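Structural overview for review
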Amino acid sequence: MATKTRSRWVCQECGKQSLRYMGRCPSCGEFNTMVEEIIEVSRPGARAMQPRVVLPNSAPQRLTEVNTEEGQRLLVPMGEFNRVLGGGIVPGSIILIGGEPGIGKSTILIQTSAALAQTAGRVLYCSGEESARQIKMRADRLKLETDDLFLVTETNIKTILDHVYNIDPTVLVIDSIQTMYTDDSESSPGSVSQVRECASRLQMLAKTSGVSVFLVGHVTKEGNIAGPRVLEHLVDTVLYLEGDPFQSYRLLRSVKNRFGATSEVGVFEMTGMGMAEVPNPSEAFLAERVVAAPGTAIAVTMEGTRPLLVEIQALTSQTTFGNPRRTPNGVDYNRLLLISAVLSKRLGLKLHEQDIFINVVGGLNVDEPASDLAMAVALASSYFNQPTPADMAFVGEIGLSGELRTVGQLAARLAEAAKLGFKRVMTPRLRRKVVDAPKGLQLVEVRNIGEALAIAVPKD
Ligand code: TYD
Ligand code: MG
């Protein structure tokens, strides 16, 4: 044996190793994340005996001579998915899809696999969580049929690599990386060293053979992909599938992409027939809007490079007991506090005796400060029981003294509002003319929250 084993304490969040137990990880500061794992320690000289894997093109090249021609990307039949990937799957790339349990990762991947099997070649779907029968039953329900989709229930990475060798697929799906293990590492499946080891095997496979690999990763309650932050730098692309489990909309967001723009977002809807793309999300989010109801305002937010119109609803109601409550759903709690403080202090709204509820329709999360103005207008609209103009959307960040600040990507936002038939958009006053309003759209420029409310929620 060229190696001997030793145990170490490894932080399951960040991968920090330590020789003894610590209640708090000194690297990432998390509590109770150190778990004892068996680590292999190579003896000096052992490494020299291992065969070295030589990646193709390992000879140094001049920068000017590097071939930049990109191989043909594999197109996923869902346009929204392609968009998030930066225009399709790059052969030999490794893509991590993270998300909470039950959000739809397996569903979207089995659909994608079936479609790719029809157009791009063989697909091998390895599940460590469901039996082939369960997957087949789901595929039948989704009416997926193809000869070139292979299923296997397997958790040993070595066996999976054998299957890849035999089947020679174009795309490999691993659902999920936390269930995989390799004999080379003695820790239990799902631990940091196993996940890292398995992922680096698959990375090697992708880089040497040109197979594109999808990894499913579960996320912890804090929203990290379980333990392995380490995974994020091993892979080429990191996508998160997110959404409110009680709502049908799902956002697929790219947070890292070596082959495309990050923070690109695709919008899907979970239907009885699997995930369906939503090509025009603003329209979908505004579909159930009740015009002329007090307490709602339309914000134009950006998700990556894409503008989205969302309805922000607010309800203020007299506090009956104790402290007034602040219940934000889909907006940041601290932004809500800030905006209610500005409305109380600058405009004299008596919000200290009101419970406040905020809701973003469609289960979306709107963290962008550019939606401040819409939130403030919705709040005031509920407080005064006055509806906001139906043809007006709102864009702007609110400062502590109640002033409105300009926001980025105004042109894209205005274009989207015009496309959805809005006639007016309220924006902070522009010091110089940064954009031309699209045809048929009027800009209502205001300097501060007082001016904004005088127009949006006039007290006649
Ligand atoms: P799943 O893809 O298994 O989630 P994950 O792999 O991320 O854990 O999705 C499971 C949920 O999706 C489950 O609650 C049922 C729902 N679902 C639908 O609503 N429609 C469908 O067509 C399918 C297949 C699942
Ligand atoms: Mg699953």
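Higher on the page you've got the structure.
For the structure given in this document, a descriptive report is provided here. Not measured: the values here are computed from a predicted model.

It is worth spelling out the site of ligand 1 at this point. Close to ligand 1 lie 16 residues, the nearest being Gly102, Lys105, Ser106, Thr107 and Gly274. One nitrogen or oxygen atom from the side chain of Thr107 is found 2.6 Å from an oxygen atom belonging to ligand 1. Contact distances for ligand 1 include 2.7 Å between an oxygen atom and a backbone N or O atom of Gly274. Protein burial of ligand 1: of its 560 Å² of free accessible surface, 72% is covered by the chains. If you list the elements that add at least two residues to the shell around ligand 1, you get helix 3 (105–119), helix 4 (132–141) and strand 11 (265–271). For the shell around ligand 1, the per-class residue count stands at five nonpolar, seven polar and four charged.

Next up on the list: the sheet that holds strand 21 (residues 442–446). An order of 15-16-14-13-17-20-21 is seen for the seven strands of this open sheet, with the pairing classed as mixed. Either end of the sheet is taken by a strand with one partner, and the two such strands are strand 15 (326–329) and strand 21. Across the sheet, the mean angle separating the axes of adjacent strands is 30 degrees when strand polarity is ignored. Sheet topology places strand 13 (residues 296–303) next to strand 17 (residues 392–394); two bridges connect them, and they run parallel. Counterpart to Ile298 in the pairing with strand 17 is Ala393. Contacts from helix 11 (residues 410–419) reach strand 13, strand 14 (306–318), strand 20 (424–428) and strand 21, with the element oriented near 75 degrees to strand 14. Contacts from helix 12 (residues 449–456) reach strand 17, strand 20 and strand 21, with the element oriented near 135 degrees to strand 21.

Rules of the game
Residues numbered from 1 in each chain as written. Chains lettered and ligands numbered in written order. Predicted model: local features only at pLDDT ≥ 70, side-chain atom pairs only at ≥ 80, totals over all residues. Heavy atoms only, no water. Near = heavy atom within 4 Å. Polar contact = N/O pair within 3.5 Å; in protein donor to acceptor, adjacent residues only side chain to side chain. Areas by Shrake-Rupley, 256 points an atom, 1.4 Å probe, with all protein chains shown as cover. Helix = DSSP H or I, 4+ residues; strand = E, 2+ residues; numbered from the N terminus. Nonpolar A, V, L, I, M, F, W, Y, C, P; charged D, E, K, R; others polar. Pairing = 2+ DSSP bridges. Axes fitted to C-alpha atoms, helices over the stretch in contact; angles between N-to-C directions. Contact = heavy atoms within 4.5 Å.

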